[in-house]
Amino acid sequence: MNDLWRWLLNLDRLPPDAQNMALGWERPLPGWLWVLAIVLLGLYAVWSYSGLIGNRRGRGAMALARAALLLLLVALLAGPAIVVPRELIERDWVVYLLDRSRSMSIGDLPGRISREEQLRRVLSASSGVLDAVAADHETLWLGFDEGAYDLEPSGPAGPPRLDEPQGRRTLLAASLDQALRRLSARPVNSIVLFSDGQTPQPATRAVLRQLEANAVPIIVVPLGSGEAVRDLAVGRVESPTRAFAHDIVPVDVTIDRLGDGRDGAAAEVRLVDALTGEVYDSETLGPGDERDRVTLLARPRLAGPATWRVVIESAGLDLIEGNNEREFDIDLVDRPLKVLYVEARPRWEYRWIKDMTIRERTIDSSVMLLSADRDFAQEGNTPITRLPNSPEEWEPYDVIVLGDVHADFFSAAQQDMIRAHVSERGAGLLFIAGARANPSAFADSPLSALLPMRGNLNLPLVGEPVRMQPTDTAHRLSVLQLMLGDRDAWEVLTDPSQPWADLQWALRLDRRALKPAVEVLATTAQPFDGGEPLPLVTFMRFGAGQSVFVATDETWRWRFGLGDLLQEQFWNQLIRMLGRDRLTLSGRPAALTVNPRRAEVGQPIVIELRLLDAELAQRAVSEIPVELVDPADGSVVALSLSAVDDTLTRYEAAYVPDRAGILEVRIVDPALARFDLGQRIEVARPEDEMRRPDADHELLRTLAEETGGQVIDPSAGGQAAPLEALRDLPNRSIRTPMDLVEPLWDTPLCLILVVLLLTTEWIGRKMLRLN
């Protein structure tokens, strides 16, 4: 019977299991029109038979048959059809965005739990909720840092497999935009954002308008601590690349305080030999100590290449373990510091400095006393009988000390050689003021450029006894650090009750007359004109070298109170400081330097090459090629160092890095490539979020409010399933009707009905003899 009906209604194109079939219309008519049609067609049928002669009942039956036929034709014109209800459901999407930047590794939660560990625990504890969401919605798991990307699935549903977060920065706006583009023209239920909110690029107005236009709320799950945190990190480390064994080597350390929290615990900064583990020096930062710079001092005993490490260890919460230390290489040379001391007469200061340099086993001194007669045996570890007369004879000396000597004792050529020895070969020059010639006799001399003052060199006297005190610059350069056991000797030297500490003679240095690059290492303890102390010891860099001017020759008076101890420390530290830069260039045919060695993306780096070998300089080339190599991927940037003066011995180039990482500077020129002149540059991103460890939960809350979303606290109430709120996501699937429609106007049943009605009316008319 079912097959008969399928044939009569021509239902072969409908599935056999089709259910809920109903009669429908391809061109549906309103109900009132059907009523009107029935009435009009009925009246017409009755009227058409009312004027005929015949049996009344027969005519009524024929009128009814005609009305039924006409009504059937109207129904066929309306397009009767069998309708099987069907609809296409396009399920909505729930997008999970997981922060994969390095800030996720910060352990700022109780028990030093990292944000990454918190994320994993939240996902694991909410696996049932996530399965329920996947049953009702399509899900897309994306990681994001500088952009959004797919995460590797761990199964058919549920959280993906997570590797350690490695992204250097979080670009939230770009990641949201990319996530929306992935699902363009699809219904998006919501975006569930797991992040600490740390980003240099929050959601822009364009992204927010796009979210609003698509009615996509953002549900945020803030990770990490909502309270401000503080982390101490080793920042810039400045140290000489070469130093003397058995000498004091200063290492200047910049302490980065990351985050907006306050220091609540003490920390210790240590300088350690990476190979032996020996701690050379340490500095303690107490709670609330806001110093951003410390100087550590090492006195290595072994010569040769070494690797040192600066380590900071906090007694409190250490958020980022990876920034607690920094290694650097240093070459330790086992040779004495060579000093040439030239003095006019045997004043008291001369005697103590001369004896100190002879007594100090790490100093090889040569002393030239100009006022001595011919039979006087010049002193020093390596006595000399005359002053050097050529650059080769000046070459061995790391430091030249000029006492109260007149400039005329040196020829013009010798003065030029001393100046070149300082500026080009990195030697140090120490001026010790005197009552007769230093510095007044150096006016209009080539060496005047190495003095700290401008204008008239005939300086007046202070006119009264003064006491000396060091400046912060001296501490930074690790000089004038005078100690009495564990006690700071300057507490005694600046005490007015100690008359032996008074310096009876000193020149008056006007700060306004100092050259711009001059730094003051020591001043008078008492103020003078204008309430400012007067400079007593100055420091100035000059080319590759440096010079120091001491405006008094009275430190010998300190021996009356404390013996030779303080005077020896004073002069020994100054001489050693002047000799350190010289070691970097000594014995090398060329010197390659980069400044700064630790830079940020977009920060210019100056690369400088100095030719110290005469044979190399004679090539007279205007450019020297170098390469900057990234050891991580082998990429190379080619640069040319251009000559900066007519001597063709100094070359420079500037480079602006465009990405973070390590760069190795290598000389490509064949004549220089055989020398070990390489340098390393560390480039960091200025917006590196590891430099700001605070989570920004307020940014996430604002984002949720602006998009009509909500905030899910992953730690609220200690609930077993932190993401339980996701069960209540509304259904935003799109339902599109896709009904199956089978027309009936061309079916056998309709044809049979039309023929049957026509035949019935024709036969009836014949039987009733109606014409």
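As shown above, the structure is provided for reference.
Residues numbered from 1 in each chain as written. Predicted model: local features only at pLDDT ≥ 70, side-chain atom pairs only at ≥ 80, totals over all residues. Heavy atoms only, no water.

### A look at the overall build of the protein chain
Inference 1: When you go through the protein chain residue by residue, the secondary structure sums to 18 helices and 37 strands.
Inference 2: For the protein chain, whose C-alpha radius of gyration is 47 Å, the value lies well above the compact-globule estimate of 28 Å for 771 residues.
Inference 3: With the C-alpha coordinates aligned to their principal axes, the bounding extent of the protein chain is approximately 175 × 60 × 50 Å.
Inference 4: Taking all 771 residues of the protein chain together, the buried fraction comes to 51%.
Inference 5: Contacts spanning at least 24 positions in sequence make up 75% of the contacts within the protein chain whose residues lie at least 6 apart.
Inference 6: Here the protein chain carries 82 positive and 111 negative side-chain charges, and the mean point of each set is 6 Å from the other. (Helix = DSSP H or I, 4+ residues; strand = E, 2+ residues; numbered from the N terminus. Rg over C-alpha atoms; globule rule 2.2 N^0.38 Å. Buried < 20%, exposed > 50% of the residue type's maximum accessible area, 1.4 Å probe, protein only. Contact = heavy atoms within 4.5 Å. Lys, Arg positive; Asp, Glu negative; His and termini not counted. Charge placed at Lys NZ, Arg CZ, Asp CG, Glu CD.)

### As for a nonpolar patch on the surface
Inference 1: On the surface, Trp32, Val35, Leu36, Val39, Leu40 and Leu43 cluster together into a nonpolar patch covering about 620 Å² of accessible area.
Inference 2: One can find Leu36 in helix α2 (residues 31–50).
Inference 3: On the basis of relative accessible area, Leu36 is assigned to the partly exposed category, the value being 39%. (Patch = residues over 30% accessible without salt bridge, like charges linked within 9 Å, V, L, I, M, F, W, Y side chains within 5 Å. Areas by Shrake-Rupley, 256 points an atom, 1.4 Å probe, with all protein chains shown as cover. Salt bridge = Lys/Arg side-chain N within 4 Å of Asp/Glu carboxyl O.)

### So, the nonpolar core
Inference 1: Counting 49 residues, the largest nonpolar core has Leu521, Val537, Trp558 and Leu574 as its most contacted members.
Inference 2: Among the elements that take part in this core, helix α14 (residues 565–585) stands out by supplying eight residues, more than any other.
Inference 3: The contact partners of Leu574, leaving out residues within four places of it in the chain, are Val479, Leu480, Leu521, Val537, Val548 and Val550.
Inference 4: With 33 residues, the next largest nonpolar core counts Leu340, Ile418, Leu429 and Phe431 among its residues. (Core = buried A, V, L, I, M, F, W, Y, C linked by side-chain atoms within 4.5 Å.)

### Quick look at helix α3 (residues 56–77)
Inference 1: Taking 1.5 Å as the rise per residue, α3 with 22 residues should run 32 Å; its terminal C-alpha atoms sit 32 Å apart, in good agreement.
Inference 2: Buried within α3 are the following residues: Gly58, Arg59, Met62, Ala63, Ala65, Ala67, Leu69, Leu72, Ala75 and Leu76.
Inference 3: Contacts from the buried residues of α3 go to β1 (22–25), α2, β2 (80–84) and α18 (748–768). (Expected span 1.5 Å × (residues − 1).)

### Things to note about the packing of α3 against α18
Inference 1: Between α3 and α18, the shortest axis-to-axis distance is 10 Å and the interhelical angle comes to 160°. Taken together, the axes of α3 and α18 lie roughly antiparallel to each other. Along this stretch, α3 crosses α18, giving a crossing that reads as left-handed. In contact with Gly58, Arg59, Met62, Ala65, Arg66, Ala68, Leu69, Leu72 and Leu76 of α3, α18 contributes Cys750, Leu753, Val754, Leu757, Leu758, Thr760, Glu761, Gly764, Arg765 and Leu768.
Inference 2: Split into classes, the residues belonging to the contact of α3 with α18 amount to 12 nonpolar, three polar and four charged. (Axes fitted to C-alpha atoms, helices over the stretch in contact; angles between N-to-C directions. Parallel < 35°, antiparallel > 145°, perpendicular 65-115°, else oblique. Left-handed = near helix turned anticlockwise from the far one by under 90°. Nonpolar A, V, L, I, M, F, W, Y, C, P; charged D, E, K, R; others polar.)

### Observations concerning the sheet that holds strand β32 (residues 650–655)
Inference 1: The strand order across the open sheet formed by eight strands is β27-β29-β32-β31-β30-β33-β34-β28, and the pairing between neighbours is mixed. Strands with a single pairing partner mark the edges of an open sheet, and in this sheet they are β27 (590–595) and β28 (598–600). Neighbour-to-neighbour, the strand axes of the sheet open up by a mean angle of 25°, direction not taken into account.
Inference 2: Sheet topology note: the strand β30 (residues 623–629)/strand β31 (residues 636–643) ladder contains seven bridges and is antiparallel. Looking at the pairing, Glu623 lines up with Ser642 of β31. (Pairing = 2+ DSSP bridges.)

Scope: geometric values only; no functional claims are made or implied.
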